[in-house]
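Chain by chain, the residues:
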Amino acid sequence: MAFHDIRFPATISFGSQGGPERLTEIVTLANGFEERNTPWEHSRRRYDAGFGLRSLEDVDALLAFFEARRGQLHAFRWKDWSDYKSCGANQLIGMLDQELGYGDGVKTAFQITKTYRSGDQSYLRPITKPVAGTVLVAIAGDPKLDGVEYSIDHASGLISFTTPPDINALVTVGYEFDVPARFDTDRLQTSVASFRAGEVPNVPIVEVRL
């Protein structure tokens, strides 16, 4: 098993359905109260790519991609069109979109993350597959130059600065990102006749943790 650094056809994923899932264990006590817990720190996303198939050319592309990944064996990049950048859906990416932390004069490596906020609660999601050419980095609001002042590991989402950010200097970033994913089946069932009749095949995709 391996990760293939290639994106699932974006024209197909554009019409897909899916989103995050959580695992919550609920125990109802004798008095009617509940105890709720989760073994998962992070959510896991699931999609159905079948809804994105619009033509027989899309079916050809899907079959080729499926065979090249050996079904469930190898993971790949998936563009989640409902959540693929550091800012809001109708906003442009900016270098101040997400805060990664403050410098201490020693630390040079910062993990790209995305924060989801609602009220006084928040969730910090690690971003491990930033899209090359989209990442904007700043320290204390001062833009930094990729390849000169910092480098990005696009396989892990780790930003490494050539010089440690100063003490209390805020590191911020803007970016597009993909979801590491795999097929959640080793079998695809397609039919030209059924497809032309408007029937949509089931093509399950699931996020993987690397």
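Engineer: Would you mind going over the pairing of strand β9 (residues 113–118) with me for this structure?
Structural biologist: Side chains on a regular strand alternate between the two faces of the sheet. Two strands pair when backbone bridges link them, and β9 and strand β10 (residues 121–126) are joined in this way by six bridges, in the antiparallel orientation. When the sheet's bridge partners are listed, Lys-114 is paired in β10 with Arg-125. Here β9 hands over to β10 after two residues, with Gly-119 in that stretch at a positive phi of 65 degrees.

Engineer: Where do I start with the sheet that holds strand β16 (residues 179–183) in this structure?
Structural biologist: Note: strands within a sheet are paired through backbone hydrogen bonds, in either parallel or antiparallel orientation. Strand order in this open sheet of six strands is β1-β6-β16-β17-β5-β2, and the pairing throughout is mixed. Of all strands in the sheet, those bounded by a partner on one side alone are β1 (3–7) and β2 (17–21). For this sheet, the mean inter-axis angle between neighbouring strands, taken without regard to orientation, is 30 degrees. For strand β6 (residues 75–78) and β16, the ladder comprises three bridges, and the chain directions are antiparallel. Looking at the pairing, Trp-78 lines up with Val-179 of β16.

About the criteria used
- Residues numbered from 1 in each chain as written.
- Predicted model: local features only at pLDDT ≥ 70, side-chain atom pairs only at ≥ 80, totals over all residues.
- Heavy atoms only, no water.
- Pairing = 2+ DSSP bridges.
- Helix = DSSP H or I, 4+ residues; strand = E, 2+ residues; numbered from the N terminus.
- Axes fitted to C-alpha atoms, helices over the stretch in contact; angles between N-to-C directions.

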